[in-house]
Amino acid sequence: MIKFVLMVNQQGQTRLSKYYEPVELSKRAALEAVAVRCCLSRGKHQCSFVEYKDFKLVYRQYAALYVVVGVTDSENELSIYELIQNFVEVLDKYFSRVSELDIMFNLDSVHIILDEMIQNGHIVETNKSRILAPLTAIDKMADGSETTPDTPRFAIKL
Amino acid sequence: MALKIVKGSIDRMFDKNLQDLVRGIRNHKEDEAKYISTCIDEIKQELKQDNIAVKANAVCKLTYLQMLGYDVSWAAFNIVEVMSSSKFTYKRIGYLAASQCFHESTDVIMLTTNQIRKDLSSPNQYDTGVALTGLSCFVTPDLARDLANDIMTLMSHTKPYIRKKAVLIMYKVFLKYPESLRPAFPRLKEKLEDPDPGVQSAAVNVICELARRNPKNYLSLAPLFFKLMTSSTNNWVLIKIIKLFGALTPLEPRLGKKLIEPLTNLIHSTSAMSLLYECVNTVIAVLISLSSGMPNHSASIQLCVQKLRILIEDSDQNLKYLGLLAMSKILKTHPKSVQSHKDLILQCLDDKDESIRLRALDLLYGMVSKKNLMEIVKKLMLHVDKAEGTTYRDELLTKIIDICSQSNYQYITNFEWYISILVELTRLEGTRHGHLIASQMLDVAIRVKAIRAFAVAQMATLLDNAHLLTGNTQRNGICEVLYAAAWICGEFSEHLENPMQTLEAMLRPKVATLPGHIQAVYVQNAAKLFATVLKGEEGNTDSTAAQEASQLMIDRLPLFVQSANLEVQERASCILQLVKYIQKLQQKDVEVAEEVNALFAGELNPVAPKAQKKVPVPEGLDLDAWINEPPSESESEDEQPKAIFAKEEPKHSRPRHTEVDEKELARRREARKQEQANNPFYIKASPSSQKVYQEAPGVEHIPVVQIDLNVPLKVPGLPMSDQYVKMEEERRQKERAEKKKKEKKKRKEKRSGRGKKHDSAPESEEDITPAHMVDIVTEEMPENALPSDDDERDPTDPHKALDIDLDKPLADSEKLPVRSHRAAEAQKSPTDGETENATLQEPKKKSSKEKRGKKDKERDRKKSKEEKKKKKHKHEDKEEDLLVDQPDEPVLQSEETSQVAEPPTSSSTNAEVSDLDFWLSNAPVPSNTQEAATVAAAAPEPSVTAPDSEPDEPKDTEMEETKSSKHKKKKQKKEKEEKEKKKKKKHHHHHHHHGDGAGEESVQNGTVEEEEPLPPMSNYCLLAENSYIKMVYDIQGNLQDGSQVVVSVIFENKCNSFLKSMEFNVLDSLNSKLQRPEGSGPHDGLVVPFQLPPGVSNEARFVFTVQSIVMPQKLKGTLTFIVKNEDDSTHEKVDFKLHFTCTSYLITTPCYSDAFAKLLESGDLKSSSLRLEGVNMPFHHLLARICFHHHFSVVERIDSCASMYSRSIQGHHVCLLVKTSAQTVSIDAKCDEPTLLGNVLDEIKQTFSQC
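The rules we used
Residues numbered from 1 in each chain as written. Chains lettered and ligands numbered in written order. Predicted model: local features only at pLDDT ≥ 70, side-chain atom pairs only at ≥ 80, totals over all residues. Heavy atoms only, no water. Helix = DSSP H or I, 4+ residues; strand = E, 2+ residues; numbered from the N terminus. Buried < 20%, exposed > 50% of the residue type's maximum accessible area, 1.4 Å probe, protein only. Axes fitted to C-alpha atoms, helices over the stretch in contact; angles between N-to-C directions. Parallel < 35°, antiparallel > 145°, perpendicular 65-115°, else oblique. Left-handed = near helix turned anticlockwise from the far one by under 90°. Contact = heavy atoms within 4.5 Å. Nonpolar A, V, L, I, M, F, W, Y, C, P; charged D, E, K, R; others polar. Pairing = 2+ DSSP bridges. Buried area = accessible area lost by both parts, 1.4 Å probe. Salt bridge = Lys/Arg side-chain N within 4 Å of Asp/Glu carboxyl O. Expected span 1.5 Å × (residues − 1). Polar contact = N/O pair within 3.5 Å; in protein donor to acceptor, adjacent residues only side chain to side chain. Phe/Tyr/Trp six-rings, centres within 6.5 Å; stacked < 30°, edge-to-face > 60°. Lys NZ or Arg CZ within 6 Å of the ring centre and 35° of its normal.

Q: Looking at this structure, how should I read unusual backbone geometry?
A: Note: most peptide bonds trans; most residues except glycine with negative phi. Located in the positive-phi region is arginine 97 of chain A, a residue other than glycine, with phi close to 65°. Turning to its location among the elements, arginine 97 of chain A is positioned in the loop between α2 (77-95) and α3 (100-105). The class of arginine 97 of chain A is exposed, set by a relative accessible area of 68%. Unusually for a residue other than glycine, serine 1061 of chain B sits at a positive phi of about 50°. When you line up the elements, serine 1061 of chain B lands in strand β4 (residues 1058-1066).

Structure follows, in structure tokens:
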């Protein structure tokens, strides 16, 4: 099963973290640091799987952003590798050309997407439109009931 | 974005939203911490406000800060507040924050129970969804207990979106509240067949995860998963299922056999690499688990290896990595298949990616053989030279040593080469593994006697050039080899060319810079060398050399006496005093050499690690008894023997000469040799004369094989290992050549000795004989040593609690806690059957009660569903009973309803297992008639004209079963046997439901894979027929009551009118009587408890009491009924004759072959035989027919011969031996009742004459 999903940038700053097994806050920082160091230090020519302690890290790099997934030993690396791609594609579809800033400013939406795809460490959904269905419904709900004066994405995307 | 600007709130305008916060943090790079702390203060202010929008905004920001590593647990209560907002936009912010921040010890979680429950039951699916998602992150045991029932209800929600989430979260609930597993499992299992693929996948995920931890409890699900695997097209699901099978196969090797084929198909067909990889992995796992029992799966292995080769050759580094990873798994069991890809693996050593190189190294370890060891190591040495980065180089170094030393140097044929490799490795810069090289040097020098001279020469050179190793402080790790070098030179100093020179090298002042433990060895071994020098000089008249040596010692040792290291100091001062004394003697011209040498006399032998433990306690010696009176405590401390022999002083482990007298020793030796000779597991010394047992007492129980080096080589300076590679090749060539020459002729002395040895050497499998052999120390274990317990599971592992037997029937107490009390058992009227039409029109429904339940309120519906599940569970269980052995605990229930409510009485749990056995067995004829029937029923039976209501179903058994079940409810006096039968059928029904048709069925059952499928069979034969109605019947015995048989009659309405008020009556005979309800007269008819709409059929059962069962008999009877049209109704009747065959008194009873043999031997049985000519059907069909129609079971089948067994309701044994040749079948039969036997044989004959 999946232990955690991280999104970090090249400077090692965490942009998203989601744990599927409780990890103490203090240990999270250390874990993230190590995981990030493991992945960032690897070159393009190196494979995307790193063995670390009792679990494996599967990562993928998208421009300056890394998606790192920690999985138990029993998980199929390739399927997780594909899952990351799938996740990023969904983000890309939702944000139409996703950028690091999108993720930072819309952390809650990203979480909703992630929650639709992975639940307590298992893959629940991989179909893009079905993943996005709840989110679009929520957006509609929000649009209908409230006015969002500045869509933050606009403001920052420049 | 999720914020709401509340109009009218001026304050709100100045609040930061999440975006502002993120932006702010980015703009305060220098004083980020300070900025955030001000933000947190602001947030605290915001949280104090009453406005929920403000609070939600604050919580949203906190979530972000939490991600950055700030502790926000102080806001837990505010998070709960936001969670309970009625507005979804806020609610989800709350849940998100909770899922990120809450953990089990967050105390406010207890406040959330009701809120979550409310959200779970919200009409808005997104409310439910967000609650489920959040819950999965912070569920606690309390929450799990309180909400388990709600979540379980959601598993049957109408929306797949909710269902799949509910299913998944159940996994967490199980972990936190293991008691929920059993009540919830039936529904979970049900979800495996959910119409929505998402839900299905979720259920697969959960069960896979559960099963991986406790596979044995889930074995019974194998057939279901197997079906899913062959039918699913979702790769994610497939991967999970295949992984699950990987966990199950070690428990059930037969499952592995079944899997191989579909898996190889998938490997061939899939284009998804991840799936391919998973399949290959599982095939490997399967083959590993089968490796003992499977003769030939080289094809599958080859396929895997081929596919992996493609992966490894791929330019994608990921695939390459995984390919190597999987390859290493194959290597463990099938090294040969991998070895052929050595080239590819070696290529991978040049890969840019270190992790790939490391994987390749792992592989190489298993790939070496005597032939290629030198070549591979040579390649590795090249890599060592060019490797960058010490980690990888160290890894290479350890691998080289691992590869060479594995299995007791099994693959090394030339130890000179190996020593030179080790010496070459010492030139590695900055390695941490000096001690590893050192221990190898020591090991080889001690164990391979033949190599000692060579090793000593090499070590002397090393000592001489010690400055090369110690010159650089950074290379300190490597100086460990000097420890080995010094010890080897000292211990085996008799092999030294020039001991004096080495002695000098060991006493150089520079040595004092080495680590203490090495210096200690230097000092000690200098003394040994000194003794050797003295010995060498003894004959000489000129004693100056010896005196020089003494002088050298006396000059140099004081340096060590001053050492800060205690060990060095002590040894040095001892030895210094000794040498001074010797010098004095020398000056007096006393011969001292012998005495000095005696200090170091004796031979060192390798000792098995556990040898000490194995020394037997002499008879009559009580180790616990006091030898003297217990001493005072202070004394005992002093007397404690030194427990640890310092490493630095190997001498201590030398055998001490004990006072055992020679005779006793000889006797013991003899006894031991005798014992060894008789022990097949003992590695015996080859008969070569060169091999001599070490005779030193004390260690003599350790067999030591001595080998002499036949090509003594003296290579000055550091050797180049390549040189030895060449020499070894020459040697091998020479050897081959010699072998060709028929070696009758006496060879050159040295060679011939070895040649002989080779011939007897057991490991000459590769035709390469080692230049030297290694002393083999059998590492003995105490006889009663237990294999390390596999129960190494972490006691805190939450999955341990989930090791729950799921096949056991649910007890009444095992219910999920329900908050509101529910209406107790939904009251079902005993005359349930009156729900006429609905029931009749849907014969597929398992029970009308359940159906009715569905119509009820939702709550009621849930309940009844649960019951249904439970019931099903119970049924399976009962069935097992029937299969394994006839149950002796009758469950007498006349009412279905009560049956549901009552806790199950039977508890045998191997039912599922026996079912599984059947599924797994590839035997052409199932040993159980019922099973055979099920298989046989895969296609519709022509003789029974089943109604159209179940077009998709295999009609025969299904129909019978559905009807029977329906009927059952109404029939009040059905006894247990019948019930069981029904249950069994029901169970099958359940299975059949999974299949879409006959084809599916065959795959699922797997019985038909090898031989052609069995034709459809039915035991129902026509009872009577007219234009209105058709009746078919079957008779089954009742084992529980030796005097009862049950007649199942299927009534089929053939006309367009309604048939009602059916009354069944039989004219009793003396021997057989229809059982009528109490109070009715002997001639009253029985009311058939249902009505028949047009075109519908239904089954009723009637119990008959019989006295004698040895003869068949017929009973006349009548069925009267009313045909009701729209306008009029008529009375009709039909007469029939019930034929009670002797077969119908037989009950399928499994019998084991040994019991069967005993029975035949007993001689109580009368025999009879039967010949059938012109039987034109496969043998297994024949057997299946006998099983099916005549209630036999196959005891054993060998080729075209089978023994079969059955038992009558009155306990007569009937044994058959069926043989077939060409078209003739001969049946030899034995039975304790000849009349019965004769009749049964007649009936068998008739069965086959009909077909």
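Q: Would you take a moment to explain the packing of helix α18 (residues 317-333) of chain B against helix α21 (residues 354-367) of chain B for this structure?
A: Two quantities define a packed helix pair, namely the angle between the axes and the distance from one axis to the other. Residue and element names in this part refer to chain B. Relative to each other, α18 and α21 sit at 20°, their axes nearing to 9 Å. On the basis of the axis angle, α18 is roughly parallel to α21. Of the two possible hands of crossing, α18 and α21 adopt the one that is left-handed. Counted together, Gln317, Lys320, Tyr321, Leu324, Leu325, Met327, Ser328 and Leu331 of α18 and Ser355, Ile356, Arg359, Ala360, Asp362, Leu363, Gly366 and Met367 of α21 form the full contact between these two elements. Within the contact of α18 with α21, the residues separate by chemical class into nine nonpolar, four polar and three charged.

Q: How should the side chain of lysine 243 of chain B be read in this particular structure?
A: Among the secondary structure elements, lysine 243 of chain B is positioned in helix α14 (residues 235-248). Given a relative accessible area of 15%, lysine 243 of chain B falls into the buried group. Residues within four places of lysine 243 of chain B in sequence aside, it is in contact with Ser74, Glu75 and Asn76 of chain A together with Glu278 and Thr282 of chain B.

Q: Honestly, the pairing of strand β5 (residues 65-72) of chain A in this entry has me stumped. Any pointers?
A: Residues in a regular strand project their side chains so that they alternate between the two faces of the sheet. Residues and elements named next belong to chain A. Judged by how many residues are buried, β5 sits mostly within the fold: eight of eight residues are covered. Residues Leu65, Val67, Val69 and Val71 line one face of β5 and the alternating positions Tyr66, Val68, Gly70 and Thr72 line the opposite face, and both faces are buried. Strand direction decides the pairing type here: strand β1 (residues 2-9) and β5, joined by seven bridges, are antiparallel. Directly across from valine 8, in β5, lies its bridge partner tyrosine 66. In this sheet, β5 lies alongside strand β4 (residues 55-62) in antiparallel orientation, the contact comprising eight bridges. Considered in β5, the bridge of tyrosine 62 is made with leucine 65. Joining the antiparallel neighbours β4 and β5 is a turn of two residues, in which alanine 63 adopts a positive phi near 50°.

Q: What am I meant to see in the interface of chain B and chain A here?
A: Bring the parts together and some accessible area is lost; that lost area is often taken as the interface size. Counting residues at the interface gives 61 residues for chain B and 60 residues for chain A. Carbon and sulfur atoms supply 56% of the area that chain B and chain A bury against each other, a total of about 5,600 Å² over both sides. Counting the contacts that link chain B with chain A gives six salt bridges. In this structure, aspartate 353 of chain B and arginine 42 of chain A form a salt bridge, with 3.2 Å as the shortest nitrogen-oxygen distance. In the side of chain B that touches chain A, the residues fall into 27 nonpolar, 14 polar and 20 charged.

Q: Whenever I open this one, the sheet that holds strand β7 (residues 1097-1106) of chain B confuses me. Can you help?
A: Working definition: the strands of a sheet are paired by backbone hydrogen bonds and lie parallel or antiparallel to each other. Residues and elements named next belong to chain B. With antiparallel pairing, five strands are arranged side by side in an open sheet as β1-β2-β3-β7-β5. Because the sheet does not close on itself, it has two edges, and the strands there are β1 (1021-1025) and β5 (1072-1074). Strand after strand, the sheet turns through a mean of 30° between neighbouring axes, direction not considered. Taken together, the nine bridges between strand β3 (residues 1044-1053) and β7 define a ladder with antiparallel strand orientation.

Q: Would you explain the pattern of salt bridges in this entry?
A: Between side chains of opposite charge, pairing is possible as soon as their charged atoms come close. Residue and element names in this part refer to chain B. Under the criterion given, the structure shown has 41 salt bridges over all chains. In this structure, arginine 309 and glutamate 313 form a salt bridge, with 2.9 Å as the shortest nitrogen-oxygen distance. Residue arginine 309 and its partner glutamate 313 are both found in helix α17 (residues 298-313); the two are separated by four residues, about one turn of the helix. On the basis of relative accessible area, glutamate 313 is assigned to the partly exposed category, the value being 45%.

Q: What is the right way to read the sheet that holds strand β8 (residues 1113-1124) of chain B from this model?
A: All names here are of chain B. The strand order across the open sheet built from four strands is β6-β4-β8-β9, with neighbouring strands paired in antiparallel fashion. Strands with a single pairing partner mark the edges of an open sheet, and in this sheet they are β6 (1086-1087) and β9 (1129-1140). Taken together, the two bridges between β4 and β6 define a ladder with antiparallel strand orientation. Following the sheet pairing, phenylalanine 1064 is matched in β6 by leucine 1086.

Q: It is not clear to me how α14 of chain B should be interpreted in this structure. Could you clarify?
A: In an α-helix there are 3.6 residues to a turn, and that puts residues three or four apart on one side. All names here are of chain B. Look at α14: 20 Å from first C-alpha to last across 14 residues, which is about the 20 Å you get at 1.5 Å a residue. By the criterion of burial, α14 is predominantly enclosed, with 12 of the 14 residues buried. Looking at α14, one finds that the buried residues are Val237, Leu238, Ile239, Lys240, Ile241, Ile242, Lys243, Leu244, Phe245, Gly246, Ala247 and Leu248. A distance of 2.8 Å separates the backbone nitrogen of tryptophan 236 from a side-chain oxygen at the start of α14, and that oxygen is part of asparagine 234.

Q: Just to check I follow, could you spell out the packing of aromatic side chains for this structure?
A: Within a pair of aromatic rings, the relevant descriptors are the distance that separates the centres and the angle that separates the planes. Under the definition given, this model contains 21 aromatic pairs over all chains. The interplanar angle of 70° and the centroid separation of 5.2 Å between the aromatic rings of phenylalanine 1104 of chain B and phenylalanine 1140 of chain B together place this pair among those described as edge-to-face. Residue phenylalanine 1104 of chain B is found in strand β7, and its partner phenylalanine 1140 of chain B is found in strand β9; the two are separated by 36 residues along the sequence. The pair formed by phenylalanine 1104 of chain B and phenylalanine 1140 of chain B is uniform in burial state, with each residue classed as buried. An aromatic cluster of at least three residues, connected via ring pairs, comprises Phe4, Tyr19, Tyr52 and Phe55 of chain A. Looking at arginine 60 of chain A, its charged tip hangs above the ring of tyrosine 81 of chain A, at a distance of 3.8 Å from the centre. Residue placement shows lysine 258 of chain B over the ring face of phenylalanine 226 of chain B; its charged tip is 5.5 Å from the ring centre.

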